[in-house]
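Here is what each chain is made of, one letter per residue.
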Amino acid sequence: CVHQIRTLLQVGVRTYDRHVYAITSAAPGDGKTSLTLALGLSFAASGSRTLLIDCDLVGGSLTRRLGVHSAEGMLEAMGSRSPMDFVRDTDVNDLSILPVGSATMLSAGSFSPAGLRRLIAEARKSGDIVLIDTGPILGSIEAPPVAATADATILCVSRGQQRPAVERSMHHLIAIGAKIARKIKRIFENSPMPN
């Protein structure tokens, strides 16, 4: 299933147009980090040099799941002239991560959208695919600027998620100028969602 999602993201898209994806959700626990990691592994297995960025300042579970321990990470990279110096290799070929570092919920005040744009610009040069795990779009400070800056955004919806939360999330993404993965947007606009 994840390989199919990865293939759909690759089919019909010029690689220079879309290779930075933000992955967010309506609420915590919807599976965005699991999807980010699974897609990262799938892209790496297909031979794409893949960079994962853990930009979930509260959760930071992508960093933990990959067993990366680093006091420096996302926030330090945003403030650096050489943000890729904070990227760490993983045990998986073609898969690296920019860890969350020591960032916490209290670090949100130092989150810089301008620094994020510089970081993403550098990340675009570093590999074939960049996947950015963020907090939920409706409740985190980092998700809106990440979604607005990425080439496309994937909204992860868990089974049982309430329709109003998904609709608010979609409308919020559209309002901030996020580019939603085309097929996903078409499904949302043309198909009724289950209650």
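Residues numbered from 1 in each chain as written. Predicted model: local features only at pLDDT ≥ 70, side-chain atom pairs only at ≥ 80, totals over all residues. Heavy atoms only, no water.

1. Section: the pairing of strand 2 (residues 50-55)
Consideration 1: Counting buried residues in strand 2 gives 6 out of 6 residues, a clear majority hidden from the surface.
Consideration 2: The alternating pattern of strand 2 places Thr50, Leu52 and Asp54 and Leu51, Ile53 and Cys55 on opposite faces, both of which are buried.
Consideration 3: Across 6 bridges, strand 2 lies against strand 5 (residues 129-134) in parallel orientation. Paired with Leu51 across the two strands is Val130, which belongs to strand 5. (Buried < 20%, exposed > 50% of the residue type's maximum accessible area, 1.4 Å probe, protein only. Helix = DSSP H or I, 4+ residues; strand = E, 2+ residues; numbered from the N terminus. Pairing = 2+ DSSP bridges.)

2. A look at the pattern of salt bridges
Consideration 1: Going through the model one piece at a time under the given rule, you end up with 6 salt bridges.
Consideration 2: In this structure, a network of salt bridges that share partners links the residues Lys32, Asp56 and Asp133. (Salt bridge = Lys/Arg side-chain N within 4 Å of Asp/Glu carboxyl O.)

3. Some thoughts on the side chain of Ser42
Consideration 1: Mapped onto the fold, Ser42 is located in helix 2 (residues 32-45).
Consideration 2: The class of Ser42 is buried, set by a relative accessible area of 1%.
Consideration 3: Here Arg6 takes part through its side chain, which lies 2.9 Å from a polar atom of the side chain of Ser42. (Polar contact = N/O pair within 3.5 Å; in protein donor to acceptor, adjacent residues only side chain to side chain.)

4. Notes on the sheet that holds strand 5
Consideration 1: Overall, mixed pairing links the 6 strands, which are arranged 3-4-2-5-1-6 in an open sheet. Strand pairing shows two members of the sheet lacking a second neighbour, strand 3 (88-89) and strand 6 (152-156), which therefore form its edges.
Consideration 2: Against the sheet, helix 2 engages strand 1 (20-25), strand 2, strand 4 (95-98), strand 5 and strand 6, with an angle of about 170° to strand 5. (Contact = heavy atoms within 4.5 Å. Axes fitted to C-alpha atoms, helices over the stretch in contact; angles between N-to-C directions.)

5. Re helix 7 (residues 163-175)
Consideration 1: For helix 7, spanning 13 residues, the distance from its first C-alpha to its last is 18 Å, which sits close to the expected 18 Å at 1.5 Å a residue.
Consideration 2: Of the residues flanking the end of helix 7, it is Gly177, one or two places downstream, whose phi is positive at about 85°. (Expected span 1.5 Å × (residues − 1).)

6. Comments concerning the nonpolar core
Consideration 1: In this structure, Ile53, Met74, Phe111 and Ile132 are the most contacted members of the largest nonpolar core, which totals 23 residues.
Consideration 2: For this core, the elements supplying multiple residues, two or more each, are strand 1, strand 2, helix 4 (74-78), helix 5 (113-126) and strand 5.
Consideration 3: The contact partners of Ile53, leaving out residues within four places of it in the chain, are Leu62, Met74, Leu98, Ala123, Val130, Leu131, Ile132 and Asp133.
Consideration 4: With 19 residues, the next largest nonpolar core counts Leu35, Ile129, Ile154 and Ala181 among its residues. (Core = buried A, V, L, I, M, F, W, Y, C linked by side-chain atoms within 4.5 Å.)

7. Examining the side chain of Thr90
Consideration 1: Note that Thr90 resides in the loop between strand 3 and strand 4.
Consideration 2: Within polar-contact distance, the side chain of Thr90 engages the backbone nitrogen of Val92 at 3.2 Å.
Consideration 3: At 2.6 Å, the side chain of Thr90 and the backbone oxygen of Leu95 are in polar contact.
Consideration 4: Not counting residues up to four positions away in its chain, the partners in contact with Thr90 are Leu66, Leu95, Ser96 and Ile97.

8. Brief notes about unusual backbone geometry
Consideration 1: Phi angles above zero are rare outside glycine, and Asp94 is one such case at about 65°.
Consideration 2: Checked against the element boundaries, Asp94 lands in the loop between strand 3 and strand 4.
Consideration 3: Judged by relative accessible area, Asp94 falls into the partly exposed class, the value being 37%.

9. Concerning the pairing of strand 6
Consideration 1: Strand 6 sits mainly inside the fold: 5 of its 5 residues count as buried.
Consideration 2: Burial of strand 6 is two-sided: the residues Ala152, Ile154 and Cys156 facing one way and the residues Thr153 and Leu155 facing the other way are all buried.
Consideration 3: Two strands pair when backbone bridges link them, and strand 1 and strand 6 are joined in this way by 5 bridges, in the parallel orientation. For Ala22, the partnering residue across the bridge sits in strand 6 and is Thr153.

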